[in-house]
Amino acid sequence: MSEVEDYTGRTGRNETREEQLDRNWAELLQEMRVLQMGVQILAGFLLTLPFQERFEDLDDFQVGLYLANVVIAALTTALILLPVSVHRRLFRKRLKETLVSSGDTIAKITLAGIALLSAGTAALVFDVAAGRTAGLTAGGTLMAVMVVLLVYVPIHLNRRAAAGQASPDQDED
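Criteria and cut-off values
Residue numbering note: each chain is counted from 1, following its sequence as written. Reporting of local features is limited, given that this is a predicted model, to residues whose pLDDT is at least 70; pairs of side-chain atoms are given and counted only at 80 or more, and all residues count toward the totals for whole chains, interfaces and linings. Here the side-chain values reflect all heavy atoms present in the structure, with hydrogen atoms and water set aside. For cavity detection a 1 Å grid was placed over the protein atoms alone, and a set of points counts as a cavity when a 1.4 Å probe fits there but cannot get out; an open set counts as a pocket when protein lies on both sides within 12 Å along at least five of seven lines, with lining residues being those that have an atom within 4 Å of a point. Grid points are joined across faces, edges and corners, and a volume is the space filled by probe spheres set on the points. What counts as a helix is a DSSP run of H or I of at least four residues, what counts as a strand is a run of E of at least two, and both are numbered from the N terminus. Note on exposure labels: buried denotes an accessible area under 20% of the residue type's maximum, exposed denotes more than 50%, and partly exposed covers the range between, all computed with a 1.4 Å probe on protein chains only. When a carboxyl oxygen of Asp or Glu is within 4 Å of a side-chain nitrogen of Lys or Arg, the pair counts as a salt bridge. Paired rings are identified among Phe, Tyr and Trp, the last through its six-membered ring, by centres lying within 6.5 Å, and are further divided according to the angle between planes into stacked (under 30 degrees), edge-to-face (over 60) and tilted (the rest). UniProt positions are given in the numbering used here, feature names are shortened, and annotations may be inferred rather than shown by experiment. Helix span, as expected, comes to 1.5 Å for every residue beyond the first. Here an axis means a line fitted to C-alpha atoms, over the contact stretch when the element is a helix, while the angle between two N-to-C directions is reported on a 0 to 180 degree scale. Any angle between 65 and 115 degrees counts as roughly perpendicular, while under 35 counts as roughly parallel, over 145 as roughly antiparallel, and the rest as oblique. Note on convention: the crossing is left-handed when the near helix lies turned anticlockwise from the far helix by less than a right angle, right-handed when the turn is clockwise. The criterion used for residue contact is that any of the two residues' heavy atoms lie within 4.5 Å. All residues other than Ala, Val, Leu, Ile, Met, Phe, Trp, Tyr, Cys, Pro, Asp, Glu, Lys and Arg, Gly among them, are scored as polar; the first ten of these are nonpolar and the last four charged. Note on terminology: a nonpolar core comprises buried Ala, Val, Leu, Ile, Met, Phe, Trp, Tyr and Cys residues joined through side-chain atoms within 4.5 Å.

Undergrad: When you look at the layout of surface pockets in this model, what are you seeing that I'm missing?
TA: The method is simple in principle: a probe with the dimensions of a water molecule rolls over the atoms, and the space it marks as empty is what remains. Space inside the largest pocket adds up to approximately 450 Å³. Every residue lining the largest pocket is counted, 17 residues in all, and those nearest its centre are Ala 107, Lys 108, Leu 111, Leu 150 and Pro 154. For the lining of the largest pocket, the secondary structure elements donating two or more residues are α2 (17–48), α4 (96–130) and α5 (132–166).

Undergrad: Which parts of the structure should I look at to understand the environment of Arg 94?
TA: Its place among the elements puts Arg 94 in the loop between α3 (60–90) and α4. Looking at Arg 94, the relative accessible area reads 83%, which means it is exposed. The spacing of Arg 94 and Glu 18 is 76 residues in sequence and 9.7 Å in space, taken between C-alpha atoms.

Undergrad: Is there a simple way to explain the pattern of salt bridges in this structure?
TA: A side chain with one charge can pair with a side chain of the opposite charge if their charged atoms come near. Inspection of every chain in the model, using the stated rule, returns 7 salt bridges. Its salt-bridge partner being Glu 27, residue Arg 23 comes within 3.4 Å of it at the nearest N-O pair. Of this pair, Arg 23 and Glu 27 both sit in helix α2, separated by 4 residues, roughly a single helical turn. As a salt-bridge pair, Arg 132 and Asp 59 come within 2.6 Å of each other at their nearest N and O atoms. In this pair, Arg 132 is assigned in helix α5 and Asp 59 in the loop between α2 and α3, connecting sequence segments 73 residues apart. Residue classification places Arg 132 among the partly exposed residues on the basis of a relative accessible area of 31%. Exposure remark for Asp 59: the relative accessible area of 31% places this residue in the partly exposed category. Overlapping salt bridges bring together Glu 15, Arg 23 and Glu 27 as one network.

Undergrad: Help me understand the packing of aromatic side chains, please; the structure alone is not making it clear to me.
TA: Given two aromatic rings, one states the distance between the centres and the angle between the planes to describe the pair. For the coordinates displayed, the defined rule picks out 1 aromatic pair. With a centroid separation of 5.1 Å and an interplanar angle of 75 degrees, the aromatic rings of Phe 55 and Tyr 66 are classed as edge-to-face. Of this pair, Phe 55 sits in the loop between α2 and α3 while Tyr 66 is found in helix α3, placing the two residues 11 residues apart along the sequence.

Undergrad: What is the right way to read the UniProt feature "transmembrane region" (unreviewed entry) in the protein chain from this model?
TA: Residues annotated by UniProt as "transmembrane region" (unreviewed entry) correspond here to residues 63–84, 105–126 and 132–153. Annotated as residues 105–126, this span is 100% helix and 0% strand, and its ends, taken at the C-alpha atoms, are 32 Å apart. For residues 132–153, helix accounts for 100% and strand for 0%, while the C-alpha atoms at its two ends are 30 Å apart.

Undergrad: Would you mind going over α4 with me for this structure?
TA: The periodicity of an α-helix, 3.6 residues per turn, causes residues three or four positions apart to be oriented the same way. Taking 1.5 Å of rise per residue, the 35 residues of α4 would be expected to cover 51 Å, and the 49 Å separating its terminal C-alpha atoms lies within 8% of that figure. Downstream of α4 by a residue or two, Gly 131 has a phi angle that is positive, lying close to 110 degrees.

Undergrad: How should I be thinking about the packing of α2 against α3 in this particular structure?
TA: In a pair of packed helices, the angle between the axes and the distance between the axes together describe the arrangement. The interhelical angle for the contact between α2 and α3, taken along N-to-C directions, is 155 degrees, at an axis separation of 10 Å. Judged by the angle between their axes, α2 and α3 are roughly antiparallel. Of the two elements, α2 crosses α3, and the hand of that crossing is left-handed. Listed contacts from α3 to Trp 25, Met 32, Leu 35, Gln 36, Val 39, Ala 43, Leu 46 and Leu 47 of α2 are Tyr 66, Asn 69, Val 70, Ala 73, Thr 76, Thr 77, Leu 79, Ile 80, Pro 83 and His 87. A breakdown of the residues in the contact of α2 with α3 according to their chemical character gives 13 nonpolar, 5 polar and no charged.

Undergrad: Would you mind going over the nonpolar core with me for this structure?
TA: What tends to happen in soluble globular proteins is that the nonpolar side chains get buried as a cluster. By size, the foremost hydrophobic cluster in this structure holds 24 residues, and its most contacted members are Met 32, Leu 46, Leu 117 and Leu 124. Elements with a contribution of two residues or more to this core: α2, α3 and α4. A total of 9 residues in this core trace back to one element, the largest contributor, which is α2. Once you skip the residues sitting within four places of it in the chain, Met 32 turns out to touch Leu 79, Ile 80, Pro 83, Ile 106, Ala 107 and Thr 110.

Here it is in structure tokens:
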């Protein structure tokens, strides 16, 4: 069986392994661009806070939460840039499989960073606007929702798809 037939049978696409890796890399980069926009918006919001008059009224917990969010935003930004750095190092070394695999892992870690950043930012805003209990509740609730959306839903959909492939007589959506 040729490589194209092998991949056609598994992916439904008429592409070589190299074409598949190129497509996967392009899709990964597009996903990272979307993530980058969200992180930039949250980071930009955080960076404006110290210049607001009310920032001086924050208590120690709020300042600590703010600084933790800034660190998470900076680290998440670095993670978003990491695939570019890896690509530069692996460029023309015929290591596209390593590039795509590492990029996939980096994207998953970046999603966790964005979940933490979103929950932390919500916790800070609610804490300042409505009090500590509201802040902790909002942050915890948002973190739980993020775990469901970013972890459980993809796993559930993957299992459902795998079960659908195991039973070819099931209706397709």
